[in-house]
Amino acid sequence: MLFFLLSIIAKILGIVVPLLVAVAYLTLAERKVMASMQRRKGPNVVGFFGILQPLADGLKLLIKEPVLPSSANTVVFLAAPVLTFLLALIAWAVIPFGEGMVLCDLDVGMLYIFAVSSLGVYGVIMAGWSSNSKYAFLGALRSTAQMVSYEVSLGLIIITVLVCVGSLNLSDIVLAQQDVWFAVPLFPLLLLFFISCLAETNRAPFDLPEAEAELVAGYNVEYSSMGFALFFLGEYANMIMMSVLCVILFLGGWLPPLSLTILYWIPGSMWLGLKTILFLFLYIWVRAAFPRYRYDQLMRLGWKVFLPLSLAWVLFVAGVLVAFDILPS
Amino acid sequence: MECVKKNLLCMMSVLFNVFAGLALLSGIMVIRAKNPVYSVLFLILVFCNASGLLLLINLDFFAMVFLVVYVGAIAVLFLFVVMMLNIKLAEINDNILRYLPIGGMFGLLFLAEILLLLEQDLVPVVLYHTNGILPFMEYIMMFVTFFAWSAVCVLWVCVSQPWTLPSVLSQWGTWRNQLMYKVNTYSSLTMHDAYNYENVDYVLWPHTMEQTTTVHTLGHVVYTYYMVFFIMASVILLISMIGAIVLTMHKGVFVKRQEVFEQNTRDFSKTLQKIKNM
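Residues numbered from 1 in each chain as written. Chains lettered and ligands numbered in written order. Predicted model: local features only at pLDDT ≥ 70, side-chain atom pairs only at ≥ 80, totals over all residues. Heavy atoms only, no water.

### Quick notes on the overall build of chain A
When its secondary structure is counted, chain A shows 11 helices and zero strands. When the helices and strands of chain A are placed in sequence order, the string is α-α-α-α-α-α-α-α-α-α-α. On the principal axes, the C-alpha backbone points of chain A span a range of 65 × 50 × 50 Å. Expressed as a percentage of the 329 residues in chain A, the buried residues total 52%. Across chain A, every contact between residues at least 6 apart in sequence was considered, and the portion connecting residues at least 24 apart equals 77%. Each charge class in chain A was averaged separately, 17 positive and 18 negative side chains, and the resulting centres sit 13 Å apart. (Helix = DSSP H or I, 4+ residues; strand = E, 2+ residues; numbered from the N terminus. Buried < 20%, exposed > 50% of the residue type's maximum accessible area, 1.4 Å probe, protein only. Contact = heavy atoms within 4.5 Å. Lys, Arg positive; Asp, Glu negative; His and termini not counted. Charge placed at Lys NZ, Arg CZ, Asp CG, Glu CD.)

### Things to note about the confidence of the model for chain B
Residues and elements named next belong to chain B. Mean pLDDT over chain B stands at 78; residues scoring 70 or higher make up 75%. By mean pLDDT, the top-scoring element of chain B is helix α11 (residues 227-248) (92), and the lowest-scoring one is helix α8 (residues 191-195) (50). With pTM at 0.78, the complex prediction returns an ipTM value of 0.85. (pLDDT = per-residue confidence, 0-100.)

### Notes on the interface of chain B and chain A
In this assembly, 26 residues from chain B lie in contact with 27 residues from chain A. Considering only the surface of chain B that becomes buried against chain A, B:Met64, B:Phe80 and B:Met83 emerge as the three largest contributors, covering 23% of it. Taken together, the links from chain B to chain A amount to zero salt bridges. Here chain B and chain A share five residue pairs in polar contact (both at pLDDT 80 or more) between them. Elements that contribute at least two residues to the side of chain B that touches chain A include exactly α1 (2-32), α2 (36-56), α3 (60-85) and α10 (214-222) of chain B. The leading source of residues in the side of chain B that touches chain A is α3(B), at 14 residues. Per-class residue counts for the side of chain B that touches chain A are 19 nonpolar, six polar and one charged. (Buried area = accessible area lost by both parts, 1.4 Å probe. Salt bridge = Lys/Arg side-chain N within 4 Å of Asp/Glu carboxyl O. Polar contact = N/O pair within 3.5 Å; in protein donor to acceptor, adjacent residues only side chain to side chain. Nonpolar A, V, L, I, M, F, W, Y, C, P; charged D, E, K, R; others polar.)

### Things to note about unusual backbone geometry
All names here are of chain A. Within the chain, Arg39 stands out as a residue other than glycine whose phi angle is a positive 55°. Of note, Arg39 is situated in the loop between α1 (2-37) and α2 (53-63). For Arg39, a relative accessible area of 80% translates into the label exposed. For Asp325, which is not glycine, the phi dihedral falls at a positive 55°.

### Quick look at a nonpolar patch on the surface
All names here are of chain A. The grouping of Leu2, Leu6, Ile9, Leu13, Val17, Val21, Tyr25, Ile51, Leu52 and Leu55 at the surface amounts to a nonpolar patch, some 910 Å² of accessible area in total. Ranked by residue count, the leading element in the nonpolar patch is α1, at seven residues. Assignment of secondary structure puts Leu13 in helix α1. (Patch = residues over 30% accessible without salt bridge, like charges linked within 9 Å, V, L, I, M, F, W, Y side chains within 5 Å. Areas by Shrake-Rupley, 256 points an atom, 1.4 Å probe, with all protein chains shown as cover.)

### Points about the confidence of the model for chain A
In the predicted model, chain A carries a mean pLDDT of 88, and the fraction of residues at 70 or more is 98%. Here helix α9 (residues 261-265) of chain A stands out as the element of chain A with the lowest mean pLDDT, 82, in contrast to helix α7 (residues 187-200) of chain A, whose mean of 92 is the highest.

### Quick notes on α2(B)
Residue and element names in this part refer to chain B. Taking 1.5 Å of rise per residue, 21 residues should cover 30 Å, and α2 covers 30 Å from first to last C-alpha, within 8% of that figure. With a side-chain oxygen lying 3.1 Å from the backbone nitrogen of Val37, the N-terminal cap of α2 falls on Asn35. Asn58 occupies a position one or two residues after α2 and carries a positive phi of about 65°. (Expected span 1.5 Å × (residues − 1).)

### Some remarks on the environment of A:Ala91
All names here are of chain A. On the secondary structure map, Ala91 appears in the loop between α3 (74-90) and α4 (109-130). In this structure, the C-alpha to C-alpha distance between Ala91 and Tyr236, residues 145 residues apart in sequence, is 13 Å. Here Ala91 is in contact with Tyr112, Ile113, Val116 and Met241, once residues within four sequence places are set aside.

### A closer look at the packing of aromatic side chains
All names here are of chain A. Throughout the structure, instances matching the rule amount to 23 aromatic pairs over all chains. A centroid spacing of 6.3 Å and a plane angle of 5° characterise the contact between Trp92 and Phe97, whose relative ring orientation is stacked. For the pair Trp92 and Phe97, one class covers both residues: buried. Summarising the aromatic geometry, the rings of Phe232 and Tyr236 are spaced 4.7 Å apart at their centres and angled 35° between planes, so their arrangement reads as tilted. Placement of the pair is Phe232 and Tyr236 together in helix α8 (residues 225-250), with a separation of four residues, close to one helical turn. Under the relative-accessibility criterion, Phe232 is labelled partly exposed at 27%. Judged by its relative accessible area of 5%, Tyr236 is buried. Within the aromatic cluster, the residues linked to one another by ring pairs are Phe77, Tyr219, Tyr223 and Phe231. (Phe/Tyr/Trp six-rings, centres within 6.5 Å; stacked < 30°, edge-to-face > 60°.)

### What about the environment of A:Pro291?
Along the chain, A:Pro291 turns up in the loop between α10 (268-289) and α11 (295-323). Separated by 84 residues in sequence, A:Pro291 and A:Asp207 place their C-alpha atoms 10.0 Å apart.

### Let's talk about a positive patch on the surface
A contiguous patch of positive charge on the surface is contributed by A:Arg300, A:Lys304, B:Lys251 and B:Arg257. Tracing the chain through its elements places A:Lys304 in helix α11. Looking at A:Lys304, the relative accessible area reads 64%, which means it is exposed.

### Focus: the nonpolar core
Residues and elements named next belong to chain A. Core analysis: the largest hydrophobic core is formed by 115 residues, its most contacted members being Tyr122, Phe193 and Phe250. Ranked by residue count, the leading element in this core is α8, at 16 residues. Residue contacts for Phe250: discarding those within four places in its chain leaves Ile157, Val161, Gln177, Trp181, Phe182, Ala183, Leu186, Leu189, Leu190 and Phe193. (Core = buried A, V, L, I, M, F, W, Y, C linked by side-chain atoms within 4.5 Å.)

### Considerations on the packing of α3(A) against α4(A)
All names here are of chain A. Axis separation between α3 and α4 bottoms out at 8 Å; the angle between their running directions is 160°. Judged on the interaxial angle alone, α4 and α3 are roughly antiparallel. In this structure, α3 meets α4 at a crossing whose hand is left-handed. Contacts from Val76, Phe77, Ala79, Ala80, Leu83, Thr84, Leu87 and Ile90 of α3 reach α4 at Tyr112, Val116, Leu119, Gly120, Tyr122, Gly123, Met126, Ala127, Trp129 and Ser130. Here the contact of α3 with α4 is composed, by residue class, of 14 nonpolar, four polar and no charged. (Axes fitted to C-alpha atoms, helices over the stretch in contact; angles between N-to-C directions. Parallel < 35°, antiparallel > 145°, perpendicular 65-115°, else oblique. Left-handed = near helix turned anticlockwise from the far one by under 90°.)

### Here we look at empty space enclosed by the protein
Residues and elements named next belong to chain A. One pass over the full model with this rule turns up two cavities of 30 Å³ or more. For the largest cavity, the calculated volume is near 300 Å³. Forming the boundary of the largest cavity are 19 residues, of which Gly120, Met147, Glu200, Gly234 and Asn238 lie nearest the centre. Mapped by element, the contributors of at least two residues to the lining of the largest cavity are α3, α4 and α8. There is about 50 Å³ of room inside the second largest cavity. Together, Met110, Ile113, Phe114, Ser117, Leu154, Ile158, Phe193, Met242 and Leu245 line the second largest cavity. Of all elements in the fold, only α4, α5 (134-165) and α8 reach the threshold of two or more residues within the lining of the second largest cavity. (1 Å grid on protein atoms, 1.4 Å probe; cavity = no way out; pocket = protein on both sides within 12 Å on 5 of 7 lines; lining within 4 Å. Points joined across faces, edges and corners; volume = space filled by probe spheres on them.)

Structure (structure tokens):
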């Protein structure tokens, strides 16, 4: 029993610690990539090429004074960042990093991830309400409405992929792409999914909650030090999570691009990581390249463009599968 | 293996108690909380615990759908509305007992329904404890109940008829011995004894069974036997959705709107011409 517990704890640490390191270096990558896109140097003082910058930032956030607003609702105020961070971490329990390399091989893995990501709204809305500040509240309302709207199209796109797979298990989804990645037959859906992911994680060009010109910094204005750090970590962990999801649903997870023996010598988790980095780079690229959407345009895009389009794709793909009798059993 | 299985069962029952207890507690807090936002948050906690209970009976699909639909969609809307209403706390505190008659009546009705259902055995119960060892919680519960009731009885006897105390105590002793005997025989009658018969051909039932998931099973049932109900439910949802849209969609005449389609289809050369002519 003790051994069992210890092994589980070791597995969890084996997922969480690299995740946190990945988050730290994602921030550095973001700053560096955006700097080169804007012909700047980016952080280059701490360590070689600024390689220790995220650690310095983390240390700074840790030793800063946590400020509690006097009019804030203390319990909810403290619970919100914890909840956000927790939800960003527990979604990783069902992600397969390789054949059988998964903490918990749930039968309903995809649904689990969807449920956890839909719970992510609560961290935001609790933070906005409990801060008792107009900026935070407006930011939270915007953020929540946006996340809820884009979740619908996300769900429909996931359903389309699931129809092609015939299982909710993430390992099965990856193994179904052994012949051809879903990015090939379902390429438009990959585009839709990636854009919805941008909106779901509140990233540019849909980072309206943080529109610094209108709402100082969105739902987390009142947070300082570790509370802010937890929101930050949660947001970036969610970004990585969504990229991994794109890879698993469309780019064949841990599978190498061609079915060659040489390519199978590289471990599957490496392939997963490489493909994830591709999407994370896209995230940053989009942020550097596009201006912010206006809020009504954002809502229009979500409800009037993405929702009908993804719904039509569900019907189309299901219809094709039924018509040619190639539904997965 | 045996040990792990026993631990698992024990853990399951502990988890059941935790989930059910938390659900009840937060259910009470939903109606007791002063702040309506707290009420909604406790309601969410109830939903989460209920989906935990669903997981314990292996209904994984339902548990997840419960989370997605109730917590991810409906409760968010509740929370939205409650947060925006800006209710004064003093208004709510006026009289808590005002709703007691009606609320109590409904509560009693539901209780009666549940009691009726308990009699009818709606779900066929599968007994897990075939390996003959009483789960720890049940064991404790049994003794706690016995000692509590007997203590009450003895106290009652002490007060009302003190002269019969010795006979009552001896009676209590025999009862306790009977209980101990029952528990002991129950735990000694293990599955191991049942396997000791020789020359019996066993059918390996797991090999003859087809393995499916909850989702498959549900799909097979919902899209065949219950198709009519399924379609009816979706039509009802559609109608309510259309109703909500009709109620809220009145286009103001003086409101300027962005016509995206018009913007995109506008011909560049003609636009320039228009300005030139002016």
